[in-house]
Amino acid sequence: MRKILLAPLDPVHDIGLKMIARGLFDAGYETHLLPPDLTTEEIIEQTLQFHPAVLLLSRTLGYGVAENLARMVDLADAAGLRDHMKIGVGGMAIRSELAAELGFDAGFGQGTSIEQVICFIEGTEYNPEVQRSGKTKRNLTDGYDYAWRHAGIAAKVDRITDQIIDWAVQRTSPGVERAKLRDAAWDVDLWRARMGVGDFYKHYAPLCGELPMNFYGGGQLHPKTRRFSQQEVDGLEQYLTETKLRMSVQSLRHKRPGPLVFNQYGTGCPFMDIGHILASEAWGADGVIHFDPSWGARTEGLLDGFLTHQEDGTVITPANLNRIQRALEPSTLWQVRAHRGLNTPETVVLAGKIGADLSKINICYGSLAAGTDPARMTVDGYHAILYAKQYGMPFDVVTNEELSGVPAHKAFAGMLIVAGLARKLGARPILQPLFACSPEVMVNGLMEDNYIDFNAAKVIALRSILNAPLWPGAPVGFLTHTEDRVQSAMTTSLHACLAATLNVDAVSIASTDEAYSGGPISAPAKIDTLRAVQEGFRFFGRAGIAPTDQAQVFADQLVDGIEKTLTQVLACGDFVAALHAGCLGSREEGAHPGRAGKDSVKSKTTI
Amino acid sequence: MSQSLEKVMDAVDVETLLVCDSEAEGRSLMLDILKGFGFTDVDVVFAQFEGPGVRIRGRAYVHRPADKYHWLQQAGKAG
């Protein structure tokens, strides 16, 4: 057992040294910690008696301290101690360069880890990457059996989803046909090997709308997009090679195993996205979410090639997705959203082939708050869920229609219908309640006292209905953010901490630019909230946030409202008709059945 | 563009407290400061006026998405 002597060369401060002493003792060393306020001569005397392998000193820098430290080294030299003993010094503002200048074998500044000190003692190289890259990918749905816990709701969802399946299985759409073609005839391995995709586009283009048709027919690009130059592509490869050599990833979690933290990217440019993703990963994000432009969801068909876009949202093309996927750290979960438009099933197929871990599908949100025709969204959503199962991709069922004004119980009823449908089809849905100060909350004063109870109630309510993973989003704290960077980071962190103490599986967080609409989100704004969440997780550890009794009252009301909503959907007799009738969100509540893809659903027997 | 600015991934933010009489004056001052630094694509992200002045954050975009990023062209060169 190696002997370590620890001496605070300071009149008062020895806390850091005590922590190091404890860590070394736990690691199996024989440690001896001297009291503060000894003279250099007294420390040398103790060293001669104890015969340590290593002497560790601590000292806060101040006037005259450097001279004192240098004197310590001189005395140790004179006593012949340096022949068989190493001396290290640590403390606030100590840098390794300064320590070396003064004659020490090592210097340790603020934030020194015990592993770093052990490496010094043992004479081995300290590799911080080993300490910081211990993250591995995790499947958010592991451990959930999707058992219903509320018999009444289960029975209603069962009848509604039977009706959806009976209806959808007989129908198709251009989106479904493109997905079928992409699944059967687009070989990702051949494409990656630059061996072409055969006559895929010959069959694909006729299934597309005007924009992709012009693209495939005459090379015409969307006016806000351009192709990258070869110089830019080469520059990216060089940048990635250099950055990956330095890359390591932090963990935001402290003592809890979860939640995993996701943030969204979608600057419009896949190369800028990669820069943002690397920053997010380095500062601790566990997953990233691909955000595509709003026009992409209203366009029949996907484009191709390396395309950059001047506005929000990065265009979904095989090349864009592929380059982003290859730039990800091995531990990073990657979600490609498919939830809201005319390319839902094909996006799931493409994302699955390229290697996405997760997708996002919600028939009700896509129909009521994202502009897609309810019949089209239903048939496309049904097939998208089947493809999500085929490609082994769990998906979240987002409830952002709440942001339009749809009450939570109606949004949740819709979410549970889609989750129930997925469950029946053998897919792995993840429930995504919105942690937000939504219009319903504002109008009814549901958060007048605090932001905790109503959000906690959502988790309590959903857990009482279905044993499924929970991923509050998207992002948490929606409509509580302002343009104030400190406020925005704070509210994100507190909502994430609430989610953590409710033991959910993941959270999506915004940047501190969430409420700023004057320009693109900046990389430092993403780091702001990651740091704030990390600090929040550190603060709470395994301690909790206690909702008031009102949370259970809200939860009971939510469950009751969900069941009544499902009763109304059943009374309609037809799911698509129920969407049009406002059962899952009415026009008065801000839900408007979409028109994109209207009349594009065909019966399979007529095509 | 200076070699240092070429290393900016996307934007430079400037946060400070400006001694002034109103939020509008503070916003104008911040834009002047950013333009004085030589930036052209400038905006005020946040401003909060209280008696002593305005707590303000200005932003200058050095690289917007779809621009040609100097930090990509500079990859491989000594920083």
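Residues numbered from 1 in each chain as written. Chains lettered and ligands numbered in written order. Predicted model: local features only at pLDDT ≥ 70, side-chain atom pairs only at ≥ 80, totals over all residues. Heavy atoms only, no water.

Caption draft 1: Looking closely at the overall build of chain B. Looking only at helices and strands, chain B has two helices and three strands in total. When the elements of chain B are put in sequence order from the N terminus, they spell out β-α-β-β-α. A compact globule built from 79 residues would reach a C-alpha radius of gyration of about 12 Å, whereas chain B, at 15 Å, exceeds it by more than 25%. A principal-axis box enclosing the C-alpha atoms of chain B has dimensions of 50 × 25 × 15 Å. Expressed as a percentage of its 79 residues, the buried residues of chain B come to 43%. (Helix = DSSP H or I, 4+ residues; strand = E, 2+ residues; numbered from the N terminus. Rg over C-alpha atoms; globule rule 2.2 N^0.38 Å. Buried < 20%, exposed > 50% of the residue type's maximum accessible area, 1.4 Å probe, protein only.)

Caption draft 2: Summary view of the interface of chain B and chain A. Counting residues at the interface gives 25 residues for chain B, matched by 32 residues for chain A. Surface buried jointly by chain B and chain A totals about 2,300 Å² across both partners, of which 57% is contributed by carbon and sulfur atoms. Interface area lost by chain B to chain A is led by Pro65, Ala66 and Leu72 of chain B, which between them contribute 23%. One can count three salt bridges joining chain B with chain A. Across the salt bridge formed by Arg59 of chain B and Asp513 of chain A, the nearest N and O atoms sit 2.8 Å from each other. For the side of chain B that touches chain A, the secondary structure elements donating two or more residues are strand E1 (11-18), strand E2 (42-50), strand E3 (53-61) and helix H2 (70-73) of chain B. The element that contributes the greatest number of residues to the side of chain B that touches chain A is E2 of chain B, accounting for five residues. Class assignment of the residues belonging to the side of chain B that touches chain A gives a composition of twelve nonpolar, four polar and nine charged. (Contact = heavy atoms within 4.5 Å. Buried area = accessible area lost by both parts, 1.4 Å probe. Salt bridge = Lys/Arg side-chain N within 4 Å of Asp/Glu carboxyl O. Nonpolar A, V, L, I, M, F, W, Y, C, P; charged D, E, K, R; others polar.)

Caption draft 3: View of the packing of aromatic side chains. All names here are of chain A. For the coordinates displayed, the defined rule picks out 17 aromatic pairs over all chains. Aromatic side chains Tyr201 and Tyr204 sit 5.9 Å apart centroid to centroid with 90° between the ring planes, which places their arrangement in the edge-to-face category. Pair noted here: Tyr201 and Tyr204 are both in helix H10 (residues 200-204), with a separation of three residues, about one helical turn. This pair shows no difference in class: Tyr201 is buried, exactly as Tyr204 is. Against the face of Phe50 rests Lys3, its NZ or CZ located 4.9 Å from the ring centre. (Phe/Tyr/Trp six-rings, centres within 6.5 Å; stacked < 30°, edge-to-face > 60°. Lys NZ or Arg CZ within 6 Å of the ring centre and 35° of its normal.)

Caption draft 4: Representation of the sheet that holds E1 of chain B. All names here are of chain B. The three strands are arranged E1-E3-E2 in an open sheet whose pairing can be described as antiparallel. The open sheet has two edge strands, E1 and E2, and neither has a second partner. Here the average twist between neighbouring strands, direction ignored, is 10°. With eight bridges connecting them, E1 and E3 associate as antiparallel partners. Bridge pairing in E3 links Leu17 to Arg55. Along the sheet, helix H1 (residues 23-36) contacts E1, E2 and E3; its crossing angle with E2, the most-contacted strand, is approximately 145°. (Pairing = 2+ DSSP bridges. Axes fitted to C-alpha atoms, helices over the stretch in contact; angles between N-to-C directions.)

Caption draft 5: Broad picture of the sheet that holds strand E3 (residues 54-58) of chain A. Residue and element names in this part refer to chain A. If you trace the five strands from one edge of the open sheet to the other, you get E2-E1-E3-E4-E5, paired in parallel fashion. Here the strands that pair on one side only, and so sit at the sheet edges, are strand E2 (30-33) and strand E5 (106-108). Taken pair by pair, the neighbouring strands of this sheet meet at an average axis angle of 20°, ignoring direction. Packed on one face of the sheet, helix H1 (residues 15-26) meets strand E1 (3-8), E2 and E3 and runs near 170° to E1.

Caption draft 6: Focus on the pairing of E2 of chain B. Residues and elements named next belong to chain B. Direction of pairing for E2 relative to E3: antiparallel, over a ladder of eight bridges. Within E3, the position partnered with Asp43 by the bridge is Arg59. Connecting E2 to the next strand, E3, in antiparallel fashion are two residues.

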